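A closer look at the structure
Letter by letter, the chains look like this.
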Amino acid sequence: MNNLFDLTGKVAVITGASSGIGVQFAKALADQGADIAILARRYDKLEPLCKEIESTGRKVLAVRCDVTKEEDVKLAVKSIIDKFGKIDILMNNAGVTSIGSVDTLEETEWDRIIDTNLKGVFLMSKHVVPHMKEQKYGKIINTASVCGLIGSKAIPLHAYNASKGAVIALTKGMGTSLAQYGITVNAIAPSLFESEMTEKSLFQSDYLKSYNMLCPAGRPGMTGELNGAAIYFASDASSYTTAQILFVDGGWTSV
Ligand SMILES: NC(=O)c1ccc[n+]([C@@H]2O[C@H](COP(=O)([O-])OP(=O)(O)OC[C@H]3O[C@@H](n4cnc5c(N)ncnc54)[C@H](OP(=O)(O)O)[C@@H]3O)[C@@H](O)[C@H]2O)c1
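These lines cover the structure that appears in this document, whether it is placed above or below.

Rules used throughout
Residues numbered from 1 in each chain as written. Predicted model: local features only at pLDDT ≥ 70, side-chain atom pairs only at ≥ 80, totals over all residues. Heavy atoms only, no water. Near = heavy atom within 4 Å. Polar contact = N/O pair within 3.5 Å; in protein donor to acceptor, adjacent residues only side chain to side chain. Areas by Shrake-Rupley, 256 points an atom, 1.4 Å probe, with all protein chains shown as cover. Helix = DSSP H or I, 4+ residues; strand = E, 2+ residues; numbered from the N terminus. Buried < 20%, exposed > 50% of the residue type's maximum accessible area, 1.4 Å probe, protein only. Right-handed = clockwise from strand over helix to strand, strands pointing away. 1 Å grid on protein atoms, 1.4 Å probe; cavity = no way out; pocket = protein on both sides within 12 Å on 5 of 7 lines; lining within 4 Å. Points joined across faces, edges and corners; volume = space filled by probe spheres on them. Nonpolar A, V, L, I, M, F, W, Y, C, P; charged D, E, K, R; others polar. Salt bridge = Lys/Arg side-chain N within 4 Å of Asp/Glu carboxyl O. Expected span 1.5 Å × (residues − 1). Bend = angle between axes of the 7 residues up to and from the residue. Pairing = 2+ DSSP bridges. Axes fitted to C-alpha atoms, helices over the stretch in contact; angles between N-to-C directions. Contact = heavy atoms within 4.5 Å. Phe/Tyr/Trp six-rings, centres within 6.5 Å; stacked < 30°, edge-to-face > 60°. Lys NZ or Arg CZ within 6 Å of the ring centre and 35° of its normal.

**Side note on the site of the ligand**
In the vicinity of the ligand, 31 residues are found, and the nearest of them are Ile21, Arg41, Tyr160, Phe193 and Ser195. A distance of 2.7 Å separates an oxygen atom of the ligand from a polar atom in the backbone of Phe193. Residue Glu196 places a main-chain N or O atom 3.3 Å away from an oxygen atom belonging to the ligand. With the chains in place, 96% of the 880 Å² that the ligand exposes on its own is no longer accessible. Going through the elements one at a time, helix 1 (20-31), helix 5 (158-178) and helix 6 (196-199) are the ones with two or more residues in the shell around the ligand.

**Side note on the pairing of strand 3 (residues 60-64)**
Each regular strand carries side chains that alternate between the two faces of the sheet. Within strand 3, four of the five residues are buried, leaving the element largely enclosed by the surrounding structure. Following the backbone out of strand 2 (residues 35-40), through helix 2 (residues 43-54) and into the adjacent parallel strand 3, one traces a crossover that is right-handed.

**Considering empty space enclosed by the protein**
Within this structure, the stated rule accounts for one cavity of 30 Å³ or more. The computed volume of the largest cavity comes to approximately 40 Å³. Forming the walls of the largest cavity are Thr15, Val67, Asn92, Asn93, Ala94, Thr116, Gly120, Val121 and Met124. For the lining of the largest cavity, the residue count by class is four nonpolar, five polar and no charged.

**Remarks on the pattern of salt bridges**
Evaluated as defined, the whole model comprises 14 salt bridges. Asp82 serves as the salt-bridge partner of Lys78, at 2.8 Å between the closest nitrogen and oxygen. Of this pair, Lys78 and Asp82 both sit in helix 3 (residues 70-84), four residues apart, which is roughly one turn of that helix. Note on Asp82: relative accessible area 55%, which makes it exposed.

**So, helix 4 (residues 107-135)**
Counted at 1.5 Å a residue, the expected span for helix 4 with its 29 residues is 42 Å, and the 41 Å between its end C-alpha atoms agrees. The sharpest bend along helix 4 measures roughly 40° and falls at Lys119. The positive-phi residue at the C-terminal boundary of helix 4 is Lys136, with phi of around 55°.

**Observations concerning the sheet that holds strand 5 (residues 138-143)**
Pairing is parallel in the open sheet, where seven strands are placed in the order 3-2-1-4-5-6-7. What marks the edges here is a single partner per strand, and that holds for strand 3 and strand 7 (245-248). When strand polarity is set aside, the average angle formed by the axes of neighbouring strands in this sheet is 15°. Of the pairings in the sheet, the one linking strand 5 to strand 6 (residues 183-190) comprises six bridges and is parallel in character. Bridge pairing in strand 6 places Ile141 opposite Asn186. The strands that helix 5 touches are strand 5, strand 6 and strand 7; relative to strand 6, the one it contacts most, it runs at about 160°.

**A few points about the packing of aromatic side chains**
Applying the stated rule across the entire model yields three aromatic pairs. Note on Tyr207 and Tyr211: the rings are 6.3 Å apart at their centroids and 35° apart in plane angle, and the pair reads as tilted. Here Tyr211 and Tyr207 lie together in helix 7 (residues 206-214), a separation of four residues that amounts to about one turn. Between the aromatic rings of Tyr232 and Phe233, the centroid separation amounts to 5.4 Å while the plane-to-plane angle is 45°, which identifies the pairing as tilted. A relative accessible area of 25% places Tyr232 in the partly exposed class. Cluster of aromatic residues (ring-pair linked, three or more members): Tyr207, Tyr211 and Trp252. Its guanidinium or amino end placed over the ring of Tyr181, Lys133 lies 4.5 Å from that ring's centre, counting from NZ or CZ.

So, in structure tokens, the structure goes:
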């Protein structure tokens, strides 16, 4: 029987792969057989992951890239195409957050969040989609968030809410208009997972207690619990699934 989730021969690009969820995504797709390009600003943090994935027999390319800078993105995409000859899967995962309400947020902070979380998705897609259109095949997976759908009384995340809400809208827009080129565009919307982004804030505060109390699953997500969604959207198992947002949130957004 065909393995619907097999990624052998595919080339996957994962942004924000120097820590947290991006590392998990890179390992998960490599485990399914994909060759991998990992991107982030901190090149030194990409190197150990590069070695780890290489040791499993997959080809890997680590590229220093700031997704808010078009020149960086252009060069990164060029180096990936030069090495692998194609890009089949793009995971737009790089992201930043900051706690802040509209009445206290500095404009520069607003711009930093929107530029990374939203413009980064635009720039990466802008330079990858032409290659996908040419090969009439592509799988784009954006990392959104439950914060793109709902707010939080306890902790204002207004710039983050706006950026992830826009990523959800962009996923629907891209998914619907790119389907005719054989490109699916979907988003994974996690709730709470431990990472550099959350370990010193949400995981340390009373927020975690109230999260555990309110979340139907009674706990945050654990390492690996986003992999199934990533592999599904990256593989031909999702060939007729596009413009969808999959909330991986222990039921959080359905309470
Ligand atoms: N953890 C959660 O609970 C949670 C929940 C919902 C959604 N998310 C989303 O999941 C994604 C991954 O976050 P995480 O939780 O794994 O946090 P993380 O450990 O802080 O990882 C964020 C990644 O994004 C990269 N990044 C940030 N700014 C960048 C830029 N300008 N250019 C390129 N890369 C950049 C970082 O690498 P460098 O610093 O090396 O550039 C890092 O690899 C984000 O989009 C986040 O919003 C996380």
